[in-house]
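Given next are the chains, with one letter for each unit.
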Protein chains: 2
Amino acid sequence: MERIPILKLGDALLVTIQVDMHDQLASALEEDLTAKIVAVRARGVLIDISALEIVDSFIGRMLDNIAAVSRILDADTVVVGMRPAVAITLVELGLSLNGVKTALDVERGMAMIRRHAYLNPDDDDHDGE
Amino acid sequence: MERIPILKLGDALLVTIQVDMHDQLASALEEDLTAKIVAVRARGVLIDISALEIVDSFIGRMLDNIAAVSRILDADTVVVGMRPAVAITLVELGLSLNGVKTALDVERGMAMIRRHAYLNPDDDDHDGE
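Residues numbered from 1 in each chain as written. Chains lettered and ligands numbered in written order. Predicted model: local features only at pLDDT ≥ 70, side-chain atom pairs only at ≥ 80, totals over all residues. Heavy atoms only, no water.

Taking an unreviewed UniProt entry as the reference, chain A is identified by name as STAS domain-containing protein belonging to Aquincola tertiaricarbonis.

Across its full length, chain A carries 4 helices and 5 strands. Listing every helix and strand of chain A by position from the N terminus yields β-β-α-β-α-β-α-β-α. Considering only C-alpha atoms, chain A reaches an extent of 45 × 30 × 25 Å along its principal axes. Here chain A holds 129 residues, and the buried ones make up 43% of them. Taking as baseline every contact in chain A between residues at least 6 positions apart, the subset at least 24 positions apart corresponds to 73%. As displayed, chain A has an accessible area near 6900 Å², and 53% of this comes from carbon and sulfur atoms. Computed over 12 positive and 22 negative side-chain charges, the separation of the two mean positions in chain A equals 4 Å. (Helix = DSSP H or I, 4+ residues; strand = E, 2+ residues; numbered from the N terminus. Buried < 20%, exposed > 50% of the residue type's maximum accessible area, 1.4 Å probe, protein only. Contact = heavy atoms within 4.5 Å. Areas by Shrake-Rupley, 256 points an atom, 1.4 Å probe, with all protein chains shown as cover. Lys, Arg positive; Asp, Glu negative; His and termini not counted. Charge placed at Lys NZ, Arg CZ, Asp CG, Glu CD.)

Before going further, it helps to spend a moment on the interface of chain A and chain B. How big an interface is tends to be expressed through the accessible area that disappears when the partners come together. Contact with chain A, which involves 18 residues of that partner, is made by 18 residues of chain B. Scanning the region where chain A abuts chain B turns up 2 salt bridges. Across the pair Lys8(A) and Glu107(B) runs a salt bridge, and its minimum N-O distance is 3.3 Å. Put simply, chain A and chain B have 7 residue pairs in polar contact (both at pLDDT 80 or more) between them. Of all the secondary-structure elements, those providing two or more residues to the side of chain A that touches chain B are strand S1 (6-9), strand S2 (12-16) and helix H4 (106-119) of chain A. At 3 residues, S1(A) tops the list of elements feeding residues into the side of chain A that touches chain B. Considering only residue class, the side of chain A that touches chain B consists of 8 nonpolar, 4 polar and 6 charged. (Salt bridge = Lys/Arg side-chain N within 4 Å of Asp/Glu carboxyl O. Polar contact = N/O pair within 3.5 Å; in protein donor to acceptor, adjacent residues only side chain to side chain. Nonpolar A, V, L, I, M, F, W, Y, C, P; charged D, E, K, R; others polar.)

Here we come to the sheet that holds strand S3 (residues 44-48) of chain B. All names here are of chain B. The strand order across the open sheet built from 5 strands is S1-S2-S3-S4-S5, with neighbouring strands paired in mixed fashion. Each edge of the open sheet is held by one strand with a lone partner, namely strand S1 (6-9) and strand S5 (101-103). Looking at each pair of strands side by side, their axes are set apart by 30° on average, direction ignored. Examined bridge by bridge, S1 and strand S2 (residues 12-16) share 4 bridges and lie antiparallel to one another. Each residue of the ladder has a partner; that of Lys8, found in S2, is Leu13. Seen against the sheet, helix H1 (residues 23-40) touches S1, S2 and S3 and runs at an angle of roughly 160° to S2. (Pairing = 2+ DSSP bridges. Axes fitted to C-alpha atoms, helices over the stretch in contact; angles between N-to-C directions.)

Moving on, we come to the environment of Ser57(A). Its location among the elements puts Ser57(A) in helix H2 (residues 57-72). Note on Ser57(A): relative accessible area 39%, which makes it partly exposed.

All right, on to the sheet that holds S1(A) then. All names here are of chain A. Read from one edge of the open sheet, 5 strands run S1-S2-S3-S4-S5, paired in mixed fashion. What marks the edges here is a single partner per strand, and that holds for S1 and strand S5 (101-103). The average angle at which neighbouring strand axes cross in this sheet is 30°, direction not considered. Across the sheet, H2 touches strand S3 (44-48) and strand S4 (76-80), and the angle it forms with S4 is around 150°.

Okay, the side chain of Gln18(B) next. By the secondary structure assignment, Gln18(B) is in the loop between S2 and H1. According to the relative accessible area criterion, Gln18(B) is buried, its value standing at 9%. Setting aside residues no more than four positions away along its own chain, Gln18(B) makes contact with Ile4(A), Pro5(A), Thr16(A), Gln18(A) and Ala51(B).

Moving on: the relation of the copies chain A and chain B. Each copy superposes on the other: chain A lies on chain B with an RMSD of 0.0 Å after a rotation of 180° and an axial shift of 0.0 Å. The operation mapping one copy onto its partner corresponds to a two-fold rotation axis. (Least-squares fit on C-alpha atoms with pLDDT ≥ 70 in both.)

All names here are of chain B. S2 sits mainly inside the fold: 5 of its 5 residues count as buried. Residue alternation in S2 divides its side chains into two sets, Ala12, Leu14 and Thr16 and Leu13 and Val15, and both sets are buried. In textbook terms, the turn of a hairpin is the stretch between consecutive antiparallel strands, and for S1 and S2 this stretch comprises 2 residues, one of which, Gly10, has a positive phi near 60°. Where S2 meets S3, 5 bridges bridge the pair, whose relative direction is parallel. Looking at S3, one finds that Leu13 is bridged to Val45. Note on the crossover from S2 through H1 to S3: the handedness is right-handed. (Right-handed = clockwise from strand over helix to strand, strands pointing away.)

Here we come to a nonpolar patch on the surface. Together, Val38(B), Val69(B), Ile72(B) and Leu73(B) give the surface a local cluster of nonpolar side chains, amounting to about 360 Å² of exposed area. Tracing the backbone shows Val38(B) in helix H1. (Patch = residues over 30% accessible without salt bridge, like charges linked within 9 Å, V, L, I, M, F, W, Y side chains within 5 Å.)

Here is the structure:
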């Protein structure tokens, strides 16, 4: 099975969604992301959806899931590159992506993640503070 | 027709190859990349092929083409994330990707592009020097 590549960029991980997501691919992506957040101690996850012409409730739920799991691991999730038509559809569907931050492009998303990491520095020694 | 998204990251453009490339998709990517290099004045192109399990002569030629066009536009092309098995296959096929630079991951590729941009600063005013 194909897996979606996850690229490390500084403190963040970058995923570009290009193919139709189905159940298996989505859950593989969630697993891979979770593992990689922990492995590289990522502070944020950028998900580029500029290739998607349609975002349905399945994708919406997947983004929500990723954001929820990332948050528990102290990583911000930022969805970037959303097309205007997709934003309109999401609102019409009542999917407001509450748990997910959005940015216009990867660079703004990276800036959001850097700001988050700066305001919430690592507590590397786990001394309970 | 689907198009492969091109992400801007500082001075560089990032493309993640995830789907099977066919003629039309490859030429659309070459066109889009060329246009975007000029539009954003990019100094480099990063092509992530970590999702590819096989690189055949068609992909090899596409990478060569992109590198050749980018070079004319003064942008470096760096292929990142190549799997070990792919590297072996390329050598066995006699495709050594001569015109293409390679790096292990996106971060090293970005560093190569930054170095290139630093050593070859823009001549913005086109005063013939």
